[in-house]
Amino acid sequence: MNKILSLAPLAGVTTLPVREFFSQHRADMTHTEMISCAGLVRDNAKTFEMLKTSEFEKPLVIQLFAPDEKILVSGALKVKNSCGNFFAFGINMACPMPKITKNFCRAALLKRPEIAFNMVKELKKLNFPVWVKIRKLEKENETLNFIEILAAAGADNICVHGRTAAQRYEGSADKKILEISAKNFPGLISASGDVKTIEDIDEYFSYGCVCVMLARGAIANPFLFEEYRGINRNSEEKIEILINFAYRAKELAGEHKALIAMKRFAGAVLKFSHGSADKRNQACMSTSLEEFIKILSG
Ligand SMILES: Cc1cc2nc3c(=O)[nH]c(=O)nc-3n(C[C@H](O)[C@H](O)[C@H](O)COP(=O)(O)O)c2cc1C
């Protein structure tokens, strides 16, 4: 597969209805939010909820996090036995939030290369592609060395987010590190960071990245995937599509989650309507989906 446009993993955002929406609007691939292997191992019902998929989804990466290979593989086996419709496992080695990294998960793994290696190597034994998501490290050669370790362990794809863990989500993403990584590891690198426009997507592909992941750019403009493929819709069409999404989200996930998803898209949605900042505020305060839709269509 070449030039894949994927929805990035986004905790609290890439739920089933949102992934289905993007699958139907030209994402080539999507990711779940990060899923706790410890939660799966403990048979936590809320964690299992996150494994629900729909027949209308495009290839799906189930992104997992764990502190070591033992918990990772135990969690992945639960996924394998209860979730039929996915294409690859993902491993989160990128999330920088201290509450989480203190348990040695996610970005903390960037400092534990031997554990990271074992995680990929052991997960590969389940016979699914393994996609790993990391952050850039402080120095260029540290990033390249870490990618090399993951590649040697058998990772099928490595997504580099061009911000260090210390940067969290601040400042600009370093696109140069993606250019260097893609040049050194042809066919292996996905790009993440500051993907907001068609030009940003093209830039990453021009470096030789096989996949570009849309994150906050897709929330700000849910039609960016389509626009990249040359589909340009007018405001009325966009609003109609988003209202249909609201009803479908309710069907799949219930009123409360549908309203949350709509509120996440609120900025983008209202940008297309004849509204003002007032209208956006009203929509964000609404307590029911019907109320939100009424404001949107008004
Ligand atoms: C609300 C939010 C939730 C995120 N959740 C995850 C996650 O679950 N797993 C992950 O690997 N990255 C996660 N990320 C990081 C994004 O996938 C992406 O790498 C990052 O936002 C950089 O891209 P951007 O600058 O285009 O937004 C999250 C980012 C945001 C803003």
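The coordinates are above.
None of the values given here were measured: they were computed from a predicted structure.

Asks: An account of the side chain of S6 is requested, with residue identities and associated values reported.
Replies: Within the secondary structure layout, S6 lies in strand 1 (residues 4-7). Accessibility expressed as a relative area gives 0% for S6, which makes it buried. Polar contacts involving the side chain of S6 include one to the side chain of H31, which spans 3.2 Å. Once residues lying within four places of it in the same chain are set aside, the contact partners of S6 are M29, T30, H31, C211, V212, M213, L214 and F225.

Asks: Please set out the nonpolar core residue by residue, giving values where relevant.
Replies: By size, the foremost hydrophobic cluster in this structure holds 101 residues, and its most contacted members are L64, M93, I134, L150 and I189. Here this core gets seven residues from one element, more than from any other, and that element is helix 12 (residues 235-253). When residues are assigned to domains, this core turns out to be shared by domain 1 (4-228) and domain 2 (235-297), each giving three or more.

Asks: Report on the side chain of E33, specifying residues and quantitative values.
Replies: Topologically, E33 is positioned in the loop between strand 2 (30-31) and strand 3 (35-36). One buried charged side chain, E33, makes no salt bridge at all; its nearest oppositely charged neighbour is R19, positioned 6.2 Å away. At 2.5 Å, the side chain of E33 and the backbone nitrogen of G12 are in polar contact. Residues within four places of E33 in sequence aside, it is in contact with L10, A11, G12, V13, T14, T15, M50 and Q63.

About the criteria used
- Residues numbered from 1 in each chain as written.
- Predicted model: local features only at pLDDT ≥ 70, side-chain atom pairs only at ≥ 80, totals over all residues.
- Heavy atoms only, no water.
- Helix = DSSP H or I, 4+ residues; strand = E, 2+ residues; numbered from the N terminus.
- Buried < 20%, exposed > 50% of the residue type's maximum accessible area, 1.4 Å probe, protein only.
- Polar contact = N/O pair within 3.5 Å; in protein donor to acceptor, adjacent residues only side chain to side chain.
- Contact = heavy atoms within 4.5 Å.
- Core = buried A, V, L, I, M, F, W, Y, C linked by side-chain atoms within 4.5 Å.
- Domains from an automatic or database assignment.
- Lys, Arg positive; Asp, Glu negative; His and termini not counted.
- Salt bridge = Lys/Arg side-chain N within 4 Å of Asp/Glu carboxyl O.

By themselves, these figures tell us nothing about what the structure is for.
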